[in-house]
Amino acid sequence: MHAEAISRNKSYVIGTRLPFVSASVLPAILGAVWCWVYATEFYLTHAILGILGVLFLHLGANTINDYFDWDESDKINKYPTPFSGGSRSRLENILSRNSFLAMAILFFVIAFVAGGVLFAMGRPQVLLIGTIGGLCGLLYSLQPVSLQSRGLGETVIFFAFGPLITLGVGYAITGVFKPELFLIGVPNGFIVANILWINEFPDYEADRNAGKKNLVVRLGTAHARYGYIALESLFYMSVLALIILKIYPLWSLLIILLTPFAVKSVKLMWKNHSDPRAIIPAQAGTIQFQMFSAIIVMVSFIIDKVI
């Protein structure tokens, strides 16, 4: 799609990467559903504010990442895909780099307004959790820290899009910190880290040339294939562990139904690890796996409550 053919309104949607907020919103909803099923108290208003805070923190992280990468790896990326490579290739003739900075500031402000309301409603620690989440999004790209360039980006994404989200939303709803609220987000953290992992494959050349030494660049795409399989395996192992600990219900074993989709993405990734175009279906499959797995786990909570 050529930049000239994109309307300005649509360009903002593309720039925020709004269609991909399932990576954060679904674990936020998962945390809320867990509280509804298993916690002694549940407050819907608190849940909505917590989910909105997560949403806008994610949008802020997306846009600030594009701002910092605009003249770095995005500038020299020859193989942007619908899922990686930043927004510059499609939007530079419509939106300026500073537009992304303005959007990021706006989204972070909205997120902290939601946090401020929760603070006023008796959830003071939510601002601390929100600040940690915001710093994860900011320091992921911000020089000279640039956690992604230090090989720490994948770990930060696991934490920020997994246990931190469910802990934060759970605290917003219940007003207490429970180990279970942290642990229920671990499987989603592994899958979102795997989304980032596979998205680094088509960006390998641009990231390497820009000095962005993420783990895929450090390993090379051939060796990084094993990392993708490891993260997929850790997802299944963590779900099984949570079932054994009786934090997830036995119904969560329904995720086994997704195994054929996972195997398909692994095969595509393994064969096309060095082909930025051919790996696109594996990128899409990994995102879909995250969405469906989160939904299945949420449904398992609801079944456990009803039956």
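The structure presented is a predicted model; accordingly, all values stated were derived computationally and were not measured.

Caption draft 1: Quick peek at the nonpolar core. Membership of the largest hydrophobic core comes to 77 residues, with the highest contact counts inside it found for Y248 and F301. Excluding residues that lie within four positions of it along the chain, Y248 makes contacts with L30, I184, P187, V239, L242, I243, V297 and F301. Core analysis: the next-biggest nonpolar cluster, separate from the first, contains seven residues, L118, I129, Y171 and A172 among them.

Caption draft 2: View of the pattern of salt bridges. A full pass over the atoms with the stated rule returns three salt bridges. Taken together, the salt bridges that share partners define one network made up of D69, D207 and K212.

Caption draft 3: View of the environment of I129. Along the chain, I129 falls in helix 7 (residues 126-139). In sequence terms I129 and I64 are 65 residues apart; their C-alpha atoms lie 19 Å from each other.

Caption draft 4: Expanded view of helix 6 (residues 97-120). Here helix 6 spans 35 Å end to end across 24 residues, near enough to the 34 Å set by a 1.5 Å rise per residue. Among all positions of helix 6, only S99, F100, M103, A104, F107, F108, A111, A114, G115 and L118 are buried.

Caption draft 5: Highlighting the packing of helix 14 (residues 221-244) against helix 16 (residues 280-306). Remark: helix 14 packs on helix 16, axes separated minimally by 13 Å, with the N-to-C direction vectors making an angle of 10°. Accordingly, the angle class assigned to the pair helix 14 and helix 16 is roughly parallel. Taken together, the residues of helix 16 that come into contact with helix 14 (itself represented by Y228, E232, F235 and Y236) are A282, T286, F289 and S293. Its residues assigned to classes, the contact of helix 14 with helix 16 shows five nonpolar, two polar and one charged.

Caption draft 6: Just empty space enclosed by the protein, in detail. The full count for this structure, using the stated rule, is two cavities of 30 Å³ or more. For the largest cavity, the calculated volume is near 60 Å³. For the largest cavity, the full set of lining residues is L30, I184, P187, N188, F235, Y248, S293, A294 and V297. Looking at the lining of the largest cavity, the element that brings in the most residues is helix 16, giving three residues.

Caption draft 7: Region of interest: the packing of helix 2 (residues 22-38) against helix 3 (residues 44-69). Interhelical geometry of helix 2 versus helix 3 gives an angle of 160° and a closest axis separation of 9 Å. Comparing the axis directions of helix 2 and helix 3 gives the class roughly antiparallel. Relative to helix 3, helix 2 is oriented so that their crossing is right-handed. Where helix 2 abuts helix 3, its residues A23, S24, V25, A28, I29 and A32 lie against A47, I51, V54, L55 and H58. Residues of the contact of helix 2 with helix 3, tallied by class, amount to nine nonpolar, two polar and no charged.

Caption draft 8: Quick look at the environment of V126. In this structure, V126 sits in helix 7. C-alpha of V126 to C-alpha of G50: the two residues are 76 residues apart in sequence and 8.6 Å apart in space. Filtering out sequence-adjacent residues up to four positions away, V126 remains in contact with G115, L118, F119, Y171 and A172.

Caption draft 9: Inspection of the packing of aromatic side chains at higher detail. Under the counting rule described, the total for this entry stands at twelve aromatic pairs. Where F56 meets F107, the ring centres are 6.1 Å apart and the plane angle is 35°; that geometry is what we call tilted. Of this pair, F56 sits in helix 3 while F107 is found in helix 6, placing the two residues 51 residues apart along the sequence. The exposure classification of F56 matches that of F107, with both residues buried. The interplanar angle of 75° and the centroid separation of 5.3 Å between the aromatic rings of F235 and F289 together place this pair among those described as edge-to-face. Here F235 is found in helix 14, whereas its partner F289 is found in helix 16, with 54 residues between them in sequence. Each member of the pair, F235 as well as F289, carries the same accessibility label: buried.

Scoring rules and cut-offs
- Residues numbered from 1 in each chain as written.
- Predicted model: local features only at pLDDT ≥ 70, side-chain atom pairs only at ≥ 80, totals over all residues.
- Heavy atoms only, no water.
- Core = buried A, V, L, I, M, F, W, Y, C linked by side-chain atoms within 4.5 Å.
- Buried < 20%, exposed > 50% of the residue type's maximum accessible area, 1.4 Å probe, protein only.
- Contact = heavy atoms within 4.5 Å.
- Salt bridge = Lys/Arg side-chain N within 4 Å of Asp/Glu carboxyl O.
- Helix = DSSP H or I, 4+ residues; strand = E, 2+ residues; numbered from the N terminus.
- Expected span 1.5 Å × (residues − 1).
- Axes fitted to C-alpha atoms, helices over the stretch in contact; angles between N-to-C directions.
- Parallel < 35°, antiparallel > 145°, perpendicular 65-115°, else oblique.
- Nonpolar A, V, L, I, M, F, W, Y, C, P; charged D, E, K, R; others polar.
- 1 Å grid on protein atoms, 1.4 Å probe; cavity = no way out; pocket = protein on both sides within 12 Å on 5 of 7 lines; lining within 4 Å.
- Points joined across faces, edges and corners; volume = space filled by probe spheres on them.
- Left-handed = near helix turned anticlockwise from the far one by under 90°.
- Phe/Tyr/Trp six-rings, centres within 6.5 Å; stacked < 30°, edge-to-face > 60°.

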